[in-house]
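An overview of the molecular structure
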Amino acid sequence: MAAPRRNKPTRREGIHEDLMQEWLGCEKPTNLRANITEAGALIDGILKEQFFADSLNEEEVKAVWKQVAGDFIGAHTEPVSVKDGHLVLRVTQPAMRFHLEQMKPELLKNVQNHLGKRKIRSIRFSLG
């Protein structure tokens, strides 16, 4: 077992401390763990604040879309994502996509009435 360390540094340790202080440009902190917060303690707050403050639940978007679109259109489309206020819908057929492009202002208004204008600003369609 190692002997307990003395309070007073040896001459060599003192020289080492002086060199390190000169090289770093400041004194070595006495407690390296002071004023340090674990990253895990901050992650939840950061995610909520930055990314999910106005986020939408995937199931909520799908339910609202089925309600707004109706049975026929709902059967041929599927909400894929909502990013930066843009609702992306997957459409099964090009003809349906053309039809939906014609209805886009009405669909957008109905979706915004259910989910909020700040959360959905536009609708985009993708074939798939």
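Above: the structure in question.
A brief report on the enclosed structure follows. (Residues numbered from 1 in each chain as written. Predicted model: local features only at pLDDT ≥ 70, side-chain atom pairs only at ≥ 80, totals over all residues. Heavy atoms only, no water.)

Observations regarding the environment of Gln21
When you line up the elements, Gln21 lands in helix α1 (residues 11-24). Contact partners of Gln21, with chain neighbours within four places excluded, come to Cys26 and Glu27. (Helix = DSSP H or I, 4+ residues; strand = E, 2+ residues; numbered from the N terminus. Contact = heavy atoms within 4.5 Å.)

Quick look at the sheet that holds strand β2 (residues 86-91)
On the basis of which strands lie adjacent, the open sheet formed by three strands has the order β1-β2-β3 and mixed pairing. The sheet terminates laterally at β1 (77-83) and β3 (122-127), the two strands that pair on one side only. Averaged over all neighbouring strand pairs, the angle between strand axes comes to 25°, with direction disregarded. Relative to β2, β1 runs antiparallel, the two being bridged by six bridges. Residue pairing across strands places Val82 opposite Leu87, the latter belonging to β2. Lying over the sheet, helix α3 (residues 58-76) contacts β1 and β2, oriented at roughly 145° with respect to β1. Packed onto the sheet, helix α4 (residues 94-115) meets β1, β2 and β3 and runs at close to 160° relative to β3. (Pairing = 2+ DSSP bridges. Axes fitted to C-alpha atoms, helices over the stretch in contact; angles between N-to-C directions.)

With respect to a nonpolar patch on the surface
Taken together, the side chains of Met20, Trp23 and Leu24 present a nonpolar region at the surface, about 350 Å² in accessible area. As for its placement among the helices and strands, Leu24 is situated in helix α1. (Patch = residues over 30% accessible without salt bridge, like charges linked within 9 Å, V, L, I, M, F, W, Y side chains within 5 Å. Areas by Shrake-Rupley, 256 points an atom, 1.4 Å probe, with all protein chains shown as cover. Salt bridge = Lys/Arg side-chain N within 4 Å of Asp/Glu carboxyl O.)

Some points on the nonpolar core
The biggest cluster of nonpolar side chains holds 19 residues, and the ones touching the most others in it are Trp65, Ile73, Leu87, Leu100, Leu107, Val111 and Ile123. Only α3, β2, α4 and β3 provide two or more residues apiece to this core. Counting residues per element, this core draws most heavily on α4, which supplies seven residues. (Core = buried A, V, L, I, M, F, W, Y, C linked by side-chain atoms within 4.5 Å. Buried < 20%, exposed > 50% of the residue type's maximum accessible area, 1.4 Å probe, protein only.)

Quick notes on α3
Between the first and last C-alpha of α3 there are merely 18 Å, a value that for 19 residues lags more than 12% behind the 27 Å anticipated at 1.5 Å per step. Along α3, the helix axis deviates most sharply at Gly70, where the bend reaches about 125°. Those residues of α3 that sit buried are Val61, Val64, Trp65, Val68, Ala69, Ile73 and Gly74. Against the buried residues of α3 lie β1, β2 and α4. (Expected span 1.5 Å × (residues − 1). Bend = angle between axes of the 7 residues up to and from the residue.)

Quick word on unusual backbone geometry
Backbone geometry at Asp84 places phi at a positive 50°, although glycine is not the residue there. For Asp84, a relative accessible area of 65% puts it in the exposed group.

Structural notes on the environment of Leu107
Along the chain, the position of Leu107 falls in helix α4. For the pair formed by Leu107 and Val68, sequence separation is 39 residues and the distance between their alpha carbons is 7.2 Å. Contacts of Leu107, omitting those with residues within four sequence positions, involve Trp65, Val68, Leu100 and Ile123.

Here's the deal with the pairing of β3
Alignment of β2 against β3, held across six bridges, turns out to be parallel. Bridge pairing links Val91 to Leu127 in β3.

Brief notes about the pattern of salt bridges
According to the stated counting rule, one finds three salt bridges in the structure shown. With its nearest N and O atoms 3.9 Å apart, the salt bridge here joins Glu78 to Lys62. With Glu78 in strand β1 and Lys62 in helix α3, this pair connects stretches of sequence that are 16 residues apart. When its relative accessible area of 35% is taken as the criterion, Glu78 is described as partly exposed. Residue classification places Lys62 among the partly exposed residues on the basis of a relative accessible area of 24%. Taking the shortest distance from any N to any O, the salt bridge between Glu78 and Arg90 comes out at 3.2 Å. Of the two residues, Glu78 sits in strand β1 while Arg90 sits in strand β2, which places them twelve residues apart along the sequence. What emerges from the salt-bridge pattern is a single network uniting Lys62, Glu78 and Arg90.

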